[in-house]
Amino acid sequence: MNGRPDGVRSGETLGERLAYWEYRSAERAAMSLPESVGRRLFSLAGALAFHIAPGARRTVKSNLARVLGRDSDSQLVDAAAREAFRSYARYWYDTFRMRVIPPEEFLKRHGSIGLEHIERALEGGRGAVMALPHLGNWDVAGHWLHVLGHSMTAVAEELRPPRVFDLFLEHRRALGMGIVPLTDTRKVGQDLVRLLAKNQLIALVCDRDLKNRGVEVTMFGEKRRMPAGPALLSLATGSPLLPCATYDAEDGWSVLIGPPLEVERTGDRRKDVIALTQRLAEEFERAIAAAPTQWHMFQPAWDQEGAPGR
């Protein structure tokens, strides 16, 4: 025991303590309030965040300007960014709320296209690498796989403070997902290879280059970087790489699972990884274009200096 109230850990900043209480309060509110009240409350929080977070607002508008092909100060981009903030607030509400939705009701509200690609991959005995962007609600899709009886593991970046990361891990596990923390990249890779060898599903949300070790691809007509991990993992293990996208529906959610991505092998592993990652980027581009305001990209996706309207 450290003698601090409610698990407060030494070294936490005031901002980190506030982040902990924000996360914990949001989780409790979503799980306890009537759904109509909770949805309204989180929607208002998303609208408020648009107004009080100018840095995030500029970033989202810059990213959406790329997707929409408009200047970042256009009315269309402004309206899309407002909706993106509300959509992200809904993401948090839904990811917490689904823990108290009965499985039979949840399945009625969750649709899918392409489940046969997962089933076919599992029949092959090498698992599957499911790659998807920060679109819609990927946590809901992970819970959906669990309810269907599939084992799925995701990689999670570590959050600050550690108490928030602990809550996050507890939450994901309550949804039925395994978690591999993104700490030592080599160890993470080894863990994922072992899981695929056991015919497990791996889900990688991979439209951000967190470690700055990604490869250059083209999306929406501009160069950017994406993680090489999904392509490298697929090529190294022979596990199929399935492009996926999750979407919010009016009263539920849906997931689109595409057929395995393939490239002609050249014998040059780096070239093959770049080619396969570009194929994945093209799938992500189509998925994001179908619902731009559901793309929860709150970090610069491209060089901000080169963005439209700058």
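These numbers were taken from a predicted model, which means no experiment stands behind them. One numbering rule holds for all chains: residues counted from 1, following each sequence as written. This being a predicted model, a pLDDT of at least 70 is required before a residue's local features are given, and a value of 80 or more before pairs of side-chain atoms are given or counted; all residues contribute to the totals for chains, interfaces and linings. Each side-chain value is derived from all of the structure's non-hydrogen atoms; neither hydrogens nor water enter the calculation.

Asker: In this structure, what is going on with unusual backbone geometry? I would like to understand it.
Answerer: With glycine set apart, most residues show a phi of negative sign, and most peptide bonds adopt trans. Between R160 and P161 the backbone carries a cis peptide bond, its omega angle lying at -5°. Runs of H or I in DSSP of at least four residues are treated as helices and runs of E of at least two as strands, each being numbered from the N terminus. When you line up the elements, P161 lands in the loop between β3 (152–157) and α8 (162–174). Of note, the phi angle at N199 is positive, near 65°, even though the residue is not glycine. With respect to the helices, strands and loops of the structure, N199 is situated in the loop between α9 (185–197) and β5 (201–205). Partly exposed residues are those whose accessible area sits between 20% and 50% of the maximum for their type, while under 20% is buried and over 50% is exposed, using a 1.4 Å probe and protein chains only. We classify N199 as partly exposed; its relative accessible area is 24%. Of note in this structure, F220 is not a glycine but carries a positive phi near 55°. Looking at the secondary structure, you find F220 in the loop between β6 (215–219) and β7 (222–226).

Asker: Looking at this structure, how should I read the side chain of E16?
Answerer: Relative to the elements of secondary structure, E16 occurs in helix α1 (residues 14–32). Among residues more than four places away in sequence, those in contact with E16 are G11, R160 and P161. Contacts between residues were defined by any pair of non-hydrogen atoms, one from each residue, lying within 4.5 Å.

Asker: Mind showing me how you'd approach the packing of helix α2 (residues 35–52) against helix α4 (residues 75–97) here?
Answerer: When two helices pack together, their arrangement is captured by the angle between the axes and the distance separating the axes. Whenever a helix is involved, its axis is fitted only over the stretch in contact; in every case the axis is a line through C-alpha atoms, and angles between N-to-C directions fall within 0 to 180 degrees. Between α2 and α4, the shortest axis-to-axis distance is 8 Å and the interhelical angle comes to 140°. By the angle between their directions, the pair α2 and α4 is classed as oblique. In the packing of α2 onto α4, the handedness of the crossing is right-handed. Each of E35, G38, R39, F42, S43, G46, A47, A49, F50 and H51 in α2 lies in contact with α4, whose residues at this interface are D78, A81, R82, F85, R86, A89, R90, W92, Y93, D94 and R97. When residues are sorted by character, Ala, Val, Leu, Ile, Met, Phe, Trp, Tyr, Cys and Pro go into the nonpolar class, Asp, Glu, Lys and Arg into the charged class, and all the rest, Gly among them, into the polar class. Looking at side-chain class alone, the contact of α2 with α4 contains nine nonpolar, four polar and eight charged residues. Note that the term roughly parallel is reserved for angles under 35 degrees, roughly antiparallel for angles over 145, roughly perpendicular for angles of 65 to 115, and oblique for everything else. Helix crossings are classified by the rotation of the near helix relative to the far one: an anticlockwise turn of less than a right angle makes the crossing left-handed, while a clockwise turn makes it right-handed.

Asker: Honestly, helix α10 (residues 229–237) in this entry has me stumped. Any pointers?
Answerer: Working note: α-helix, 3.6 residues per turn, so residues spaced by three or four point in the same direction. All of the buried residues in α10 are P230, A231, L233, S234 and L235. Packing partners of the buried residues in α10 comprise β2 (128–132), α9, β5, β8 (241–249) and α11 (269–290). Residue G238 follows α10 closely and has a positive phi angle near 80°.

Asker: How should I be thinking about the packing of helix α3 (residues 54–68) against α4 in this particular structure?
Answerer: Here α3 crosses α4 at 120°, and the two axes come no closer than 9 Å. By the angle class used here, α3 and α4 are oblique. Between α3 and α4 lies a crossing whose hand is right-handed. Every residue of α4 that contacts α3 at A56, R57, V60, K61, L64, A65 and L68 is listed here: L76, V77, D78, A80, A81, A84 and F85. Among the residues forming the contact of α3 with α4, the class breakdown is 11 nonpolar, no polar and three charged.

Asker: Whenever I open this one, the pattern of salt bridges confuses me. Can you help?
Answerer: Close approach of charged atoms allows side chains with opposite charge to pair. Each salt bridge in this description consists of a side-chain nitrogen of Lys or Arg and a carboxyl oxygen of Asp or Glu lying within 4 Å of one another. In the structure shown here, the tally under the stated rule is 20 salt bridges. The closest approach of N and O atoms between D191 and K187, which form a salt bridge, is 3.1 Å. Residue D191 and its partner K187 are located together in helix α9, separated by four residues, close to a single helical turn. Connected through shared salt-bridge partners, E35, R39, R90, D94, E105, R109, D248 and D251 make up one network.

Asker: Would you take a moment to explain the confidence of the model for the chain for this structure?
Answerer: Segments scoring low in pLDDT should not have their predicted coordinates read at a detailed level. For the chain, the average pLDDT comes to 93, and 95% of its residues sit at 70 or higher. Every residue gets a pLDDT, meaning the predictor's confidence in that residue, from 0 to 100. Between residues 1–5, whose pLDDT stays under 50, and residues either more than four places distant or in other chains, the model counts five contacts. A low-confidence stretch, residues 305–310 (pLDDT under 50), is modelled with 12 contacts involving residues beyond four sequence positions or located in other chains.

Asker: Hey, could you run me through the nonpolar core in this one?
Answerer: One broad rule of soluble globular proteins: the nonpolar side chains tend to lie buried together. Residues grouped as a nonpolar core are buried Ala, Val, Leu, Ile, Met, Phe, Trp, Tyr and Cys residues, joined through side-chain atoms within 4.5 Å. If you look at the biggest cluster of nonpolar residues, it comprises 41 residues, and the most contacted ones within it are I118, W144, L145, M152, L201 and I257. Dropping the residues within four chain positions of it, M152 is found in contact with G142, L145, G176, M177, G178, L201 and A203. Counting 38 residues, the second-largest nonpolar core is a separate cluster that includes L135, A245, L276 and W302.

Asker: Would you take a moment to explain α11 for this structure?
Answerer: When the terminal C-alpha atoms of α11 are compared, their 32 Å separation across 22 residues agrees well with the 32 Å that a helix rising 1.5 Å per residue should span. Residues of α11 that are buried include every one of D272, V273, L276, T277, Q278, L280, A281, F284, A287 and I288, and no others. Where α11 is buried, its residues contact α3, β2, β6, β7, α10 and β8. Any pair of nitrogen or oxygen atoms within 3.5 Å is treated as a polar contact; in protein, a donor-acceptor pairing is required on top of that, and neighbouring residues in sequence qualify only through side-chain atoms on both sides. Taking the backbone nitrogen of R270 as reference, a side-chain oxygen 3.1 Å away marks D268 as the first, capping residue of α11. One less than the number of residues in a helix, times 1.5 Å, gives the span that helix is expected to have.

Asker: Before we go on, may I ask you to explain the packing of aromatic side chains in this structure?
Answerer: Each aromatic ring pair is specified by the distance between its two centres and by the angle formed by the two planes. Under the pairing criterion, centres of Phe, Tyr and Trp rings, with the six-membered ring standing for Trp, must be within 6.5 Å; the plane angle then separates stacked pairs below 30 degrees from edge-to-face pairs above 60, leaving the rest tilted. According to the stated counting rule, one finds 16 aromatic pairs in the structure shown. On the basis of an interplanar angle of 65° and a centroid distance of 5.2 Å, the ring pair of F42 and Y93 is categorised as edge-to-face. Taken as a pair, F42 in helix α2 and Y93 in helix α4 lie far apart in primary sequence, 51 residues in all. With relative accessibility at 1%, the residue Y93 sits in the buried group. Summarising the aromatic geometry, the rings of W92 and F96 are spaced 5.7 Å apart at their centres and angled 35° between planes, so their arrangement reads as tilted. Remark: F96 and W92 occur in helix α4; sequence separation between them is four residues, near one turn of the helix. Grouped by ring-pair contacts, the aromatic residues Y23, F50, F85, Y88, Y91, W92, F96, W138 and F298 constitute a single cluster. By definition, being over a ring means that NZ of Lys or CZ of Arg is both within 6 Å of the ring centre and within 35 degrees of the ring normal. Positioned over the ring face of W302 is R224, at 5.5 Å from the centre of the ring.

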